[in-house]
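Examining the three-dimensional arrangement
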Amino acid sequence: LRMMRTVLLLATLAAAQAFSPTAPGAFSVNPKLSAATSARSLRMPSLGLKMRFQSSDTSHWNRRDFITTTTSAAAGLLLGDLLGPMKEASAAEKGPIVVFGANGFTGGDVMRTLLKQGIPVTAISKFKEFKIAPDQENKELATIHVANVAKPQTFAKLLEGARAVIYADDAQVSNAGTDRKDIGLEEYDEIENIGVANVAKMAAQMKIPHMVLCSSTCKECDPSEVTQPDDYRSKVCGECNSRRSGEAAVKEVYAQANDPSIGYTIVRPGTLMPSELRGVKEIELNQGMSKSGVISRLDLAEVLVAASLSKDAAGSTFEVYYRDSAQPTDMFASLNSCKSLGKSVEECFFGDGYKDKKPELDDLMTKKVKGTLFASGREVSGSNYPQMFKKLSKDKDDNFDINNLGFSSS
């Protein structure tokens, strides 16, 4: 990550100079310039208390009698209101969280994160059962099953009694042992689109409270732009379009269900790295697909699990990455958006504190980023995920965004 950040900073320094209003030839770069990174990289009724009086005449009550009686009644009502939901939550929390793609890197980290938190897991793999490490904490809380997301009858019973579903499956995980370049678009669509839709439909039908889809920050493409059969964009576009179709299917399923007791969350990670757990304070959420970045699978797993346990995350789609690795998906558009927020070019590229200061590479390497890079106005950061999720916009409340337009790969 340190090496990657160094490379990004060097490239950013050069780009910032090119975009500086005082630089020769400013804004002469291709407006289609893209620094996008793609990867695949969560009622029991209150106890009513009736006061009965032996006589309707209470004039003989003294102050002590009145206070004692009314206080007891209030306490009973309050205790009933508090204990009712607590008992309900306790019962709901006994159910497992179902993890699709648990034999993969991301799904495996999700499973281990859940077990570490003492949460039962129903781990699902497509082709064969796998073993959990002998030293895994709480491994007895996991059950491993084989199911095919393209065939709902193979996983329907596995969802019974679940409190949430985390879909971390992808074509590469489901075609274990197969080189990525040898996986056809049909296989991608089966897992990233059809499979996602099948799981969403079953989860909604069974009224599982929450489904979390691990998607990607890739940008969908217009198939008409690909003119040559061997054009590498043909496969990249097909893969990404399958993911976008899967996202659309999830939203459609829950929109049709129109049930406030169930919900979905779509998480779009940036480039995934097999590195350390940096923690929530290093994470930035964004909405609108204006930028992406790098994130470790361990931190992504924490985000997916937290989302699956949070009602506030329901109904939202967001990108997630390390705040200091943020890069725009469209340089020209992001820079214009950032400047519209009153920031200088230097602040857009390097964060707060550089409005009247020329950035030095040593400072950029040793000092933490202040504020946000390429500000969109929709970033969310904080010290805990539940509070961060509360600040997200719901998908139904989003303004029209051309980036949300997709092209079907079918």
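The structure we're discussing is the one just above.
Residues numbered from 1 in each chain as written. Predicted model: local features only at pLDDT ≥ 70, side-chain atom pairs only at ≥ 80, totals over all residues. Heavy atoms only, no water.

Focus on the side chain of Arg 297
Of note, Arg 297 is situated in helix α7 (residues 297–308). In this structure Arg 297 is buried but unpaired, with Asp 109 as the nearest side chain of opposite charge at 5.7 Å. Setting aside residues no more than four positions away along its own chain, Arg 297 makes contact with Phe 105, Thr 106, Asp 109, Leu 272, Met 273 and Pro 274. (Helix = DSSP H or I, 4+ residues; strand = E, 2+ residues; numbered from the N terminus. Buried < 20%, exposed > 50% of the residue type's maximum accessible area, 1.4 Å probe, protein only. Lys, Arg positive; Asp, Glu negative; His and termini not counted. Salt bridge = Lys/Arg side-chain N within 4 Å of Asp/Glu carboxyl O. Contact = heavy atoms within 4.5 Å.)

Re the pattern of salt bridges
Summed over all chains, the structure comprises 14 salt bridges. Between Arg 268 and Glu 319 there is a salt bridge; the shortest N-O distance is 3.1 Å. Of this pair, Arg 268 sits in strand β6 (residues 263–269) while Glu 319 sits in strand β11 (residues 316–322); the two residues are 51 residues apart in sequence, bridging distant segments of the chain. Accessibility expressed as a relative area gives 7% for Arg 268, which makes it buried. By relative accessible area, which is 0% here, Glu 319 ends up buried. Note that Lys 291 and Glu 284 form a salt bridge whose closest N and O atoms lie 3.1 Å from each other. Via salt bridges that share partners, Arg 244, Glu 247, Arg 268 and Glu 319 belong to a single interconnected network.

Section: the pairing of strand β5 (residues 210–214)
Burial runs high along β5: five of the five residues are buried. The two faces of β5 match: His 210, Val 212 and Cys 214 on one face and Met 211 and Leu 213 on the other face are all buried. Strand direction decides the pairing type here: β5 and β6, joined by five bridges, are parallel. If you follow Val 212 over to β6, its bridge partner there is Thr 265. (Pairing = 2+ DSSP bridges.)

A word on the sheet that holds β5
Strand order in the open sheet made by the eight strands is β3-β2-β1-β4-β5-β6-β11-β8, with mixed pairing throughout. Lying at the two open borders of the sheet, with one neighbouring strand each, are β3 (142–146) and β8 (283–286). Strand-to-strand, the axes of this sheet are offset by a mean angle of 20°, without reference to chain direction. For strand β2 (residues 121–125) and β3, the ladder comprises five bridges, and the chain directions are parallel. Looking at β3, one finds that Ser 125 is bridged to Val 146. Packed on one face of the sheet, α7 meets β1 (97–100), β4 (164–167), β5, β6, β8 and β11 and runs near 155° to β5. (Axes fitted to C-alpha atoms, helices over the stretch in contact; angles between N-to-C directions.)

Topic: the side chain of Asp 324
Within the secondary structure, Asp 324 sits in the loop between β11 and β12 (327–328). With a relative accessible area of 18%, Asp 324 lands in the buried category. In terms of polar contacts, Asp 324 uses its side chain to reach the side chain of Arg 278, at 2.9 Å. (Polar contact = N/O pair within 3.5 Å; in protein donor to acceptor, adjacent residues only side chain to side chain.)

Description of the packing of aromatic side chains
Within this structure, the stated rule accounts for seven aromatic pairs. An angle of 25° between the planes, with centres 5.8 Å apart, marks the rings of Phe 100 and Tyr 167 as stacked. Note that Phe 100 is positioned in strand β1 and Tyr 167 in strand β4, a separation of 67 residues in sequence. Each member of the pair Phe 100 and Tyr 167 is classed as buried. Ring centres of Phe 318 and Phe 389 lie 5.9 Å apart, and the angle between their planes is 35°; this geometry places the pair in the tilted category. Pair noted here: Phe 318 is in strand β11 and Phe 389 is in helix α11 (residues 385–390), with a separation of 71 residues, a long-range link. Look at Phe 389 and you get buried, because its relative accessible area is 0%. (Phe/Tyr/Trp six-rings, centres within 6.5 Å; stacked < 30°, edge-to-face > 60°.)

Details of helix α8 (residues 331–340)
Turning to α8, its buried residues are Met 331, Ser 334, Leu 335 and Cys 338. When α8 is viewed along its axis, its buried side chains cluster within an angular range of 100° and face the same direction. Immediately downstream of α8, the backbone of Gly 342 shows phi near 90°, a positive value. (Arc of directions from axis to C-beta.)

As for the state of the cysteines
Applying the stated criterion across every chain, the model contains two disulfides. The disulfide bridge from Cys 218 ends at Cys 240, spanning 2.1 Å between sulfur atoms. What sets the handedness of the Cys 218 and Cys 240 disulfide is the S-S torsion sign, and at about 95° it is right-handed. Here Cys 218, found in the loop between β5 and α6 (232–257), pairs with Cys 240, found in helix α6; they are 22 residues apart in sequence, far enough to count as distant. Across the pair, Cys 240 and Cys 218 agree in class, each one buried. In this model Cys 338 forms its disulfide with Cys 348; the gap between the sulfur atoms is 2.1 Å. Judged by the torsion about the S-S bond (-105°), the Cys 338/Cys 348 disulfide is left-handed. With Cys 338 in helix α8 and Cys 348 in helix α9 (residues 345–350), the pair connects residues that are 10 residues apart, well separated along the chain. A relative accessible area of 0% means that Cys 348 is categorised as buried. (Disulfide = S-S within 2.5 Å.)

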